[in-house]
Amino acid sequence: MTKLTKTLKFRSLRYINENLMNILSPAFFVILWELLVYLGVLNPSYFPPPSKIFIRLIELFQTGELVTHTVATVYRLFFAFILAAVPGIAIGLLMGLSKTIRSIVDPIIALIYPIPKVAMLPLFMVIFGLGTPPIVVTAFITAFFIIILNTLAGVLNIDKVLFEAARNYGAKGWRLFIKVVLPGAMPMIFTGLRLGLGMSLIVVVASEFIATQSGLGYLIYISWRVLRVEDMYVGFVVTGILGYIVTRGLEKLSDKLMPWREEKVVI
Amino acid sequence: MKTKIELENVSKTFVSRTGIVKALDNVTIKIKDGEFLCIIGPTGCGKSTLLRIIAGLEKPDSGKVKIEKSKEGLPLTAMVFQEYALFPWRNVIDNVAFGLEMRGIPRKERYKIAKEYIEKMGLSGFENKYPHQLSGGMKQRVGIARALANNPEVLLMDEPFGALDAQTRKILQEELIKIWEELKKTVVYVTHSIEEAVLLGDRVVVMTSRPGKVKEIFRVELERPRAFDTEFTALCSEIWECLKEEARRGMYCDQVN
C-alpha cells in the first residue's frame, strides 16, 4: 500500500470513528444510567431508569396525550417564531440601512432588551387571559428583539469595501439591497433566527407551566404536581428532540441558502 | 494622443472627530488615452483618495475631474481593490458578471462576456468556486476579470497586488501588462512600490506627503517587456531620491485611512 492510500484509509477510518462515537457515547451514557439505578447508586424516585422512561413515553404516545402536548407546543413555537421573524428581519434591515431609524428605535430596544421577557408573562395573562395567546406573545417578544439585533449587526458588519465595489459597479437602490445588503446580512440573520428559535422554545415551555393546560411544559409541570417523575423525563426528552429538530432544520436551510459560507456554525 | 482623464486642481479635505486632514491639494494630472499611469507616494499621501475621486466614490471639494467618453453606455471606471472586494456569496462567474448584471444585461449574454474574461485571466474551471475557496492571487484575477468584463473607459487599480506574495505578484504583473497591451485600456495604478511603478507604467507620478500634491512626473522610456537592467535600476533610484524625503515625512503623519 502506498503512503497516500494509507493516509486516506486512516482518514476515512477516523471519520467512521467520529460518526460511531456520536451514537456510542449517548448509548454508553444511557446504559451507565440504567446500571447505576439497578446498582442503587441513583435513586429511581429522582432518576428513573431510561427503560422505564421509554416505556412511559410509548404509553403516553398511545393514549394520544403526548401528541396533543407536543402539537400544542410546536404550534405556539412556530406561531411566535413566524410572528417575530418577519417584522424582526424587516426592522433590523431598516435600522441597518437608515441612521435615522436606528437612532429612533435603538433607545427603545436598549430599554426593553435586557428585561427577561418571561417576566412579562403575568402581564400578558392579565391582558389576554389564560391559554395560547399570552404564551405566544411572550415567546414572540423574546425572539423579536434577538432577531432585530442580529439582523442589524449583520447589515452593519458588511465590509465597507464591498459597498464601494458595489457602487463602483453601478449597484444602487433596490438592486443594491437585493444583491448586496441582503446576502451580506444573511449569515447574521440566520444566527438571529437560530438564537430566537432556541430562546422561544425555552420561553414557550416555561410559560406552559402556568398559563395553560396543554403543551410539553404543562406535561412536565403537572408531573411534578402528581409526582410522576417518569412523565417529567418524557417531557424533557421530547422537548430536547423538538429543539434539536428545529435548530437542525434551520441549519440545513441556511446551508442550502448559503452554500458559499466558509465554515459551519457550531451551536 | 488625446487626453482621457483630466484632473484639474483637485483638492479634498476630510473632517473627522479627531481633526481636519487635507488629503489632496491642487492635483493636476492629464492622463492620455490608453496610457498606463502609475501613482506612487508615501503612506497617507491621498493617492487612494485620488483614485476614489476618479471613480466617483468621493467628491472633490474643489477642482475638476473629466473623463473622456469613447462610446455611450459604457461605465466610466471599474476599480480593482487591494482587498479584492469580491462578494463572498457569489461564485467566480457571478462576481465577474456583477457589473454587467447591475447594468441590466441578460444572464446569457453576461455569462458569455464573463466567460471570455475568466478565460483571459486564466480562471477557466473555477467558474463555480466561491471566493473563500481561492488563493489571494486567484481572487485578484477574479477582481481584474470583474473590472475588465464591465468594459470601463478607465481601469482603476488601488495597490491591487499589495497583499500578494512576491512570486504571485510578479506573475500577475506580467499578465496585467499583456492584457493591457491587448485591450489598450487607460489604467491608473496606485502603488507604493517603485519597482512596480517602473515595471508597469508609461509614466510615474510621485506625490508628496500629506497634503498630497504632484511632486514630479517621470516618464518611463524602457521597452516592454521590461527587465531589471541598469537603466531600470537607475530610474528606480532616481525616483527614490525624489520620494525619500516624502516617505520620511509621511512616517510622522498619522494614517488617513
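Here, the structure is the one placed above.
Note that the structure is predicted; figures quoted are calculated from it, not measured. (Residues numbered from 1 in each chain as written. Chains lettered and ligands numbered in written order. Predicted model: local features only at pLDDT ≥ 70, side-chain atom pairs only at ≥ 80, totals over all residues. Heavy atoms only, no water.)

> Which parts of the structure should I look at to understand the layout of surface pockets?
Any empty space left between the atoms is revealed when a probe the size of a water molecule rolls over them. Computed from the structure, the second largest pocket encloses a volume of approximately 370 Å³. As for the second largest pocket, its lining consists of 16 residues, of which A:Glu262, B:Leu86, B:Pro88, B:Pro131 and B:His132 are closest to the centre. (1 Å grid on protein atoms, 1.4 Å probe; cavity = no way out; pocket = protein on both sides within 12 Å on 5 of 7 lines; lining within 4 Å. Points joined across faces, edges and corners; volume = space filled by probe spheres on them.)

> I would appreciate a short explanation of the packing of aromatic side chains in the present structure.
Each aromatic ring pair is specified by the distance between its two centres and by the angle formed by the two planes. Residue and element names in this part refer to chain A. Summed over the entire model, instances satisfying the criterion amount to 17 aromatic pairs over all chains. Aromatic pair Tyr 233 and Phe 236: ring centres 5.3 Å apart, planes at 70°, arrangement edge-to-face. Of this pair, Tyr 233 and Phe 236 both sit in helix H10 (residues 229-257), three residues apart, roughly one helical turn. Here Phe 236 falls in the partly exposed class, since its relative accessible area comes to 42%. Through a chain of ring-to-ring contacts, the aromatic side chains of Phe 29, Trp 33, Tyr 233 and Phe 236 assemble into a single cluster. (Phe/Tyr/Trp six-rings, centres within 6.5 Å; stacked < 30°, edge-to-face > 60°. Helix = DSSP H or I, 4+ residues; strand = E, 2+ residues; numbered from the N terminus. Buried < 20%, exposed > 50% of the residue type's maximum accessible area, 1.4 Å probe, protein only.)

> Which parts of the structure should I look at to understand empty space enclosed by the protein?
All names here are of chain B. Inspection of the entire model under this criterion finds one cavity of 30 Å³ or more. By volume, the largest cavity amounts to about 50 Å³. Around the largest cavity, the lining residues are Leu 148, Leu 155, Leu 176, Ile 179, Trp 180, Leu 183, Lys 185 and Val 187. Residue contributions to the lining of the largest cavity peak at four residues, all from helix H6 (residues 166-183). Considering only residue class, the lining of the largest cavity consists of seven nonpolar, no polar and one charged. (Nonpolar A, V, L, I, M, F, W, Y, C, P; charged D, E, K, R; others polar.)

> Could you clarify how one ought to interpret the packing of helix H3 (residues 65-97) of chain A against H10(A) in this entry?
Each pair of packed helices can be described by the angle between their axes along with the distance between the axes. Residue and element names in this part refer to chain A. Closest axis-to-axis distance for the H3/H10 pair is 11 Å, and the angle between their directions is 40°. Judged by the sense of rotation from one axis to the other, the crossing of H3 with H10 is right-handed. Contacts from Leu 66, Thr 70, Thr 73, Val 74, Leu 77, Phe 78 and Phe 81 of H3 reach H10 at Val 234, Val 238, Leu 242, Val 246 and Leu 250. Split by residue class, the contact of H3 with H10 holds ten nonpolar, two polar and no charged. (Axes fitted to C-alpha atoms, helices over the stretch in contact; angles between N-to-C directions. Left-handed = near helix turned anticlockwise from the far one by under 90°. Contact = heavy atoms within 4.5 Å.)

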